[in-house]
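For reference, the chains in residue letters:
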Amino acid sequence: MGRAARLLLASGILIGVMAGPAWAQQVAVIDISQFVPDNFVDLNGDGVPDLGELPPGEHGIWDDTVGALTEEEFYARIPTQAQFDIDDQLSVMRGPCGGVAISYDSAGLSIDAIVDYADDDPTLDVYTAEQAFTASNPFKVDTTGTVAYFGFTREEGANWSTEGTIPGMNYGGQPALHDYQWTILILDVAADFGGDPNAMDENHNAGLLLLGEELPFPFSAKLKGKGAVIDLWGEERLPAFDNDTIDGLAAGREFCFGEGWILATGGDSFPTGAALSAALFAAGFAGLIFNARPAQTWRG
Amino acid sequence: MADTVVKKHPLRGALWGSLMGIGVALFLIIGYPVIGIGDPVSLAIQVGLVIAAGVLVGVLWAMFGPAKKLKGDPPRHVTMDEPAPGEG
């Protein structure tokens, strides 16, 4: 095989490995349009509505809207690996909470979507109708893009409170989350938390996570995340929890808990990690070719 | 005509192969994530396997790769009896 043919073959294999997954666009098998506003229109033909306008939401009274201001605060938020059961390759979703999350690239086109009907079934991948958030089928997010979420709480069979305990607060009296606290932990990357008395008895919510604006730089990594919301917790922040301890922590109060895998990609940009790994690979490859190859020499 | 031998460099192959393996491992963690960031022991095992594969490739290349061919003429053996260049 000539040198040019070998170069062509190597290039073809490289392109096939890198670009193949991008070309194999999937089409949704679950219709999630009932959860999504009408101005979210499917532009890329994958059956999932693409990014539209969402009216600005309102923060919960106890939401963390500032973030870490000092290095110490930032590191205090990073969860330790001991809080995660990394060996568990599956995902967990418990409690009467459901919703849809759609992941968009920087152009606002959908790249992944999941749905949970707040039933006994696991969270499903909208494109395959199989269990989502697993290690083999993680929820894909673009670190230069956006994630839109539409969540709700189910009333049937649930034990939501009808009012909170804050003196002077005029609760609506309907079953919903009240005086609740929520926390989201993503391994070694982020931690966010918040809560609200929810005096209006709201049972659904929607919002956008502007990853491209909130993350300092694009990166790629496969990470485990988890989150929980507990009814009637009050304004104190939730302590550390996992699937084994959340029941005891809730102590009879209604709660929702989820844990699963997330695949963050760097979008169209060339992430720093990929550049560094490519440089190391190229150095090693060049060393093998030019410095470690057997060589003929004259005897003696 | 002078004889030739093939000189091999397995240690160099192992070193360059390990560097290549580190690059591949890093790529599989943060470039095109296949290896999940999780339990340090599990992560170390997976990264170690990738680097070991790189070392193996490097050593195999150094031992059995196509040898670089000689360029130029064989060296002349200069003896004491032979006049130095430029001498009568």
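See above for the structure.
A brief report on the enclosed structure follows. Given the structure is predicted, the values throughout are model-derived calculations rather than measurements. (Residues numbered from 1 in each chain as written. Chains lettered and ligands numbered in written order. Predicted model: local features only at pLDDT ≥ 70, side-chain atom pairs only at ≥ 80, totals over all residues. Heavy atoms only, no water.)

## Quick look at the overall build of chain B
Here's step 1: Looking only at helices and strands, chain B features two helices and one strand.
Here's step 2: The secondary structure elements of chain B, listed N-terminal to C-terminal, are β-α-α.
Here's step 3: When the 88 residues of chain B are sorted by exposure, 25% land in the buried category.
Here's step 4: Across chain B, every contact between residues at least 6 apart in sequence was considered, and the portion connecting residues at least 24 apart equals 67%. (Helix = DSSP H or I, 4+ residues; strand = E, 2+ residues; numbered from the N terminus. Buried < 20%, exposed > 50% of the residue type's maximum accessible area, 1.4 Å probe, protein only. Contact = heavy atoms within 4.5 Å.)

## Here we look at the state of the cysteines
Residue and element names in this part refer to chain A.
Here's step 1: Applying the stated criterion to the full structure yields one disulfide over all chains.
Here's step 2: One disulfide bridge connects Cys97 with Cys256, the sulfur atoms lying 1.8 Å from each other. Between Cys97 and Cys256, the S-S dihedral sits near 85 degrees, and the bridge is therefore right-handed. Residue Cys97 is found in strand 2 (residues 97–104), and its partner Cys256 is found in strand 11 (residues 255–265); the two are separated by 159 residues along the sequence. (Disulfide = S-S within 2.5 Å.)

## So, the nonpolar core
Residue and element names in this part refer to chain A.
Here's step 1: Residues Ile32, Val48, Ile102, Val115, Val126 and Phe150 are the most contacted members of the largest nonpolar core, which totals 18 residues.
Here's step 2: Elements with a minimum of two residues in this core: strand 2, strand 3 (110–116) and strand 6 (146–153).
Here's step 3: Counting residues per element, this core draws most heavily on strand 2, at three residues.
Here's step 4: Excluding its chain neighbours within four sequence positions, the residues that come into contact with Ile32 are Val48, Pro49, Val100, Ile102, Ala113, Val115 and Val126. (Core = buried A, V, L, I, M, F, W, Y, C linked by side-chain atoms within 4.5 Å.)

## Remarks on the interface of chain B and chain A
Here's step 1: With 45 residues of chain B in contact, the opposing surface of chain A contributes 35 residues.
Here's step 2: For the pair chain B and chain A, the interface holds zero salt bridges.
Here's step 3: For the pair chain B and chain A, the number of links is nine residue pairs in polar contact (both at pLDDT 80 or more).
Here's step 4: Residues that form the side of chain B that touches chain A fall into these classes: 26 nonpolar, eleven polar and eight charged.
Here's step 5: Direction of pairing for strand 12 (residues 295–298) of chain A relative to strand 1 (residues 4–7) of chain B: antiparallel, over a ladder of four bridges. (Salt bridge = Lys/Arg side-chain N within 4 Å of Asp/Glu carboxyl O. Polar contact = N/O pair within 3.5 Å; in protein donor to acceptor, adjacent residues only side chain to side chain. Nonpolar A, V, L, I, M, F, W, Y, C, P; charged D, E, K, R; others polar. Pairing = 2+ DSSP bridges.)

## Quick look at the sheet that holds strand 2 of chain A
All names here are of chain A.
Here's step 1: One open sheet accounts for five strands, arranged 4-3-2-6-9; its pairing is antiparallel. Two strands in the sheet have a free side with no partner beyond their single neighbour: strand 4 (124–125) and strand 9 (204–209).
Here's step 2: Examined bridge by bridge, strand 2 and strand 3 share six bridges and lie antiparallel to one another. Counted as the bridge partner of Ser103 is Asp112 from strand 3.

## What to know about the packing of aromatic side chains
In this description, a pair of aromatic rings is defined by centroid distance and the angle of the planes.
Residue and element names in this part refer to chain A.
Here's step 1: Counted according to the given criterion, the structure contains six aromatic pairs over all chains.
Here's step 2: With a centroid separation of 6.2 Å and 45 degrees between ring planes, the pair formed by Phe35 and Tyr117 is classed as tilted. With Phe35 in the loop between helix 1 (3–23) and helix 2 (71–77) and Tyr117 in the loop between strand 3 and strand 4, the pair connects residues that are 82 residues apart, well separated along the chain.
Here's step 3: For Phe35, a relative accessible area of 19% translates into the label buried.
Here's step 4: The class of Tyr117 is partly exposed, set by a relative accessible area of 33%. (Phe/Tyr/Trp six-rings, centres within 6.5 Å; stacked < 30°, edge-to-face > 60°.)

## Observations regarding helix 5 (residues 272–291) of chain A
Residues and elements named next belong to chain A.
Here's step 1: With 20 residues, helix 5 extends 28 Å from end C-alpha to end C-alpha; this agrees with the ideal 28 Å at 1.5 Å per step.
Here's step 2: The set of residues buried in helix 5 consists of Gly273, Ala274, Ser277, Gly284, Gly287 and Leu288. Taken around the axis of helix 5, the buried residues stretch over an arc of 160 degrees, which confines them to a single face. Residues of helix 5 that are exposed and point over 90 degrees away from its buried face: Thr272 and Phe290. (Expected span 1.5 Å × (residues − 1). Arc of directions from axis to C-beta.)

## A look at the environment of Val41 of chain A
Residue and element names in this part refer to chain A.
Here's step 1: Within the fold, Val41 resides in the loop between helix 1 and helix 2.
Here's step 2: What makes Val41 partly exposed here is its relative accessible area of 46%.
Here's step 3: Sequence separation between Val41 and Leu51 is ten residues, and the spatial gap between their C-alpha atoms is 7.3 Å.
Here's step 4: Apart from the residues lying within four places of it in its own chain, the contact partners of Val41 are Pro49 and Asp50.

## Quick notes on the pairing of strand 11 of chain A
Residue and element names in this part refer to chain A.
Here's step 1: In terms of residue burial, strand 11 counts as a mostly covered element, since ten of its eleven residues are buried.
Here's step 2: For strand 1 (residues 92–94) and strand 11, the ladder comprises three bridges, and the chain directions are antiparallel. Residue pairing in the sheet places Val92 in a bridge with Glu259 of strand 11.
Here's step 3: Sheet analysis places strand 5 (residues 139–142) next to strand 11, joined by four bridges and oriented parallel. Of the residues in strand 11, the one forming a bridge with Val141 is Ala264.
Here's step 4: The pairing of strand 10 (residues 221–230) with strand 11 spans ten bridges and is classified as antiparallel. From the neighbouring strand, Val229 faces strand 11, where its bridge partner is Cys256.

## What about helix 1 (residues 10–31) of chain B?
Here's step 1: Under the 1.5 Å per step criterion, the end-to-end length of helix 1 of chain B is 29 Å for 22 residues, consistent within 8% with the ideal 32 Å.
Here's step 2: Those residues of helix 1 of chain B that fall on the buried side of the exposure criterion are Gly13, Ala14, Gly17, Ser18, Met20, Gly21, Gly23, Ala25, Ile29 and Gly31 of chain B.

## Remarks on the packing of helix 5 of chain A against helix 1 of chain B
Here's step 1: Helix 1 of chain B packs onto helix 5 of chain A with a crossing angle of 160 degrees between their chain directions and a minimal axis gap of 8 Å. Classed by the angle they form, the pair helix 5 of chain A and helix 1 of chain B counts as roughly antiparallel. Relative to helix 1 of chain B, the crossing made by helix 5 of chain A is left-handed.
Here's step 2: Here the contact of helix 5 of chain A with helix 1 of chain B is composed, by residue class, of 15 nonpolar, nine polar and one charged. (Axes fitted to C-alpha atoms, helices over the stretch in contact; angles between N-to-C directions. Parallel < 35°, antiparallel > 145°, perpendicular 65-115°, else oblique. Left-handed = near helix turned anticlockwise from the far one by under 90°.)

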